[in-house]
Amino acid sequence: MNVLRIVGLVSFIISHLSLFFYFLLDNPEGQFDFLFPLVWASGVVSAVSNFFLGEKVGIHDVLFVLFAISGFVWMLPLLLITWFAFPCLGVFLGIGIYIHVKAFRVLKQKRN
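Residues numbered from 1 in each chain as written. Predicted model: local features only at pLDDT ≥ 70, side-chain atom pairs only at ≥ 80, totals over all residues. Heavy atoms only, no water.

Draft legend 1. Representation of the nonpolar core within the structure. By size, the foremost hydrophobic cluster in this structure holds 22 residues, and its most contacted members are Trp-74, Leu-80, Leu-89, Phe-92 and Ile-99. Residue assignment for this core shows that the elements contributing at least two residues are α1 (2-25), α2 (35-57), α3 (61-75) and α4 (85-111). At seven residues, the largest contribution of residues to this core is made by α4. Beyond its immediate stretch of four places on either side in the chain, Ile-99 contacts Asn-50, Leu-53, Gly-54, Ile-59 and Phe-67. (Core = buried A, V, L, I, M, F, W, Y, C linked by side-chain atoms within 4.5 Å. Buried < 20%, exposed > 50% of the residue type's maximum accessible area, 1.4 Å probe, protein only. Helix = DSSP H or I, 4+ residues; strand = E, 2+ residues; numbered from the N terminus. Contact = heavy atoms within 4.5 Å.)

This is the structure in structure tokens:
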């Protein structure tokens, strides 16, 4: 679970930061279009690894379903640039933070 937690957290941070910078640096000439595959690939890794981490940690079923549905946006790259993606990514971010907080609590309880 330790490797899954590290991969999940690193990919979670990279995916959201790279998505933010992709929209921040976007321009009509398309100079930063090379960032989109990085955003998409890190998002897919984040969605899959955090899905399994949420399953191992044992989050509530409703949150798990919401996380899976909102994480589906990462699987379809064309959805990332639509208005549908913003609320889904907000839900993904919130539940992802909850999953990692709970994973750290579980790890702390195992050490005690």
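Draft legend 2. Region of the structure containing the side chain of His-100. Within the element layout of this structure, His-100 appears in helix α4. Among the residues examined, His-100 registers a relative accessible area of 4% and is labelled buried. Apart from residues no more than four positions distant in its own chain, His-100 is found in contact with Arg-5, Gly-8, Leu-9, Phe-12, Asn-50 and Leu-53.

Draft legend 3. View of the packing of aromatic side chains. Throughout the structure, instances matching the rule amount to seven aromatic pairs. Ring geometry for Phe-67 and Phe-92: centres 4.6 Å apart, planes at 10°, overall stacked. Of this pair, Phe-67 sits in helix α3 while Phe-92 sits in helix α4, placing them 25 residues apart in sequence. According to the relative accessible area criterion, Phe-67 is buried, its value standing at 2%. (Phe/Tyr/Trp six-rings, centres within 6.5 Å; stacked < 30°, edge-to-face > 60°.)

Draft legend 4. Region of interest: α4. Over its 27 residues, α4 runs 38 Å from end to end, which matches the ideal 39 Å to within 8%, given 1.5 Å per residue. Of all the positions in α4, only Ala-85, Cys-88, Leu-89, Phe-92, Ile-95, Gly-96, Ile-99, His-100 and Ala-103 are classed as buried. If you follow the buried residues of α4, they end up packed against α1, α2 and α3. (Expected span 1.5 Å × (residues − 1).)

Draft legend 5. The arrangement of the environment of Gln-109 in detail. Tracing the backbone through its elements, the reader meets Gln-109 in helix α4. Owing to a relative accessible area of 61%, Gln-109 belongs among the exposed residues under this scheme. Taking the C-alpha atoms as reference points, Gln-109 and Ile-97, twelve residues apart in sequence, are found 18 Å from one another.

Keep in mind these values describe shape, not function.
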